[in-house]
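Each chain is listed here by its residues.
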Amino acid sequence: SQIKPRQAVTHWTLRERRPSNISLVELSPQTGRGHQLRLHMKAMGHPILGDSLHAPNKAIATCAPRLCLHAYRLEVDWKGHRIVAESTKPF
């Protein structure tokens with residue numbers, strides 16, 4: 001039997017271009033698949049800095065001490081309530 005891949009949707013917006021060919025991108029996942037954001041950025045040709053698992057080369061994987069993927073806002077529906085958490089720290 002053949003396994004069918006599940007759909008994964010991520011909306012993105014370019015927020016800022018920085019020196020050294022680095023950009024700040026806002027990602028809004030519409031589905032919750034494992035490694036979804038990392039895989040979508042890699043597929044677009046813009047892997048996340050410090051991604052030692054999915055980066056196409058060692059330079060991108062090791063240019064940061066950790067994965068440069070940060071959430072500034074999380075929204076979750078739980079038991080009939082919407083829970084919102086925001087970070088005020090700029091990236």
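Residues numbered from 1 in each chain as written. Predicted model: local features only at pLDDT ≥ 70, side-chain atom pairs only at ≥ 80, totals over all residues. Heavy atoms only, no water.

Visitor: Teacher, can you tell me more about the pairing of strand S3 (residues 73–78) here?
Guide: Relative to strand S4 (residues 81–86), S3 runs antiparallel, the two being bridged by 6 bridges. Pairing of valine 76 across the sheet is with isoleucine 83, part of S4. (Pairing = 2+ DSSP bridges. Helix = DSSP H or I, 4+ residues; strand = E, 2+ residues; numbered from the N terminus.)

Visitor: What am I meant to see in the pattern of salt bridges here?
Guide: Close approach of charged atoms lets side chains of opposite charge pair. The final tally for this structure, using the stated rule, is 7 salt bridges. A salt bridge links arginine 73 to glutamate 75; the nearest nitrogen and oxygen atoms lie 2.7 Å apart. With a relative accessible area of 35%, arginine 73 lands in the partly exposed category. The closest approach of N and O atoms between arginine 73 and glutamate 86, which form a salt bridge, is 1.9 Å. Note that arginine 73 is positioned in strand S3 and glutamate 86 in strand S4, a separation of 13 residues in sequence. (Salt bridge = Lys/Arg side-chain N within 4 Å of Asp/Glu carboxyl O. Buried < 20%, exposed > 50% of the residue type's maximum accessible area, 1.4 Å probe, protein only.)

Functional significance is not addressed by these values, which are geometric in nature.
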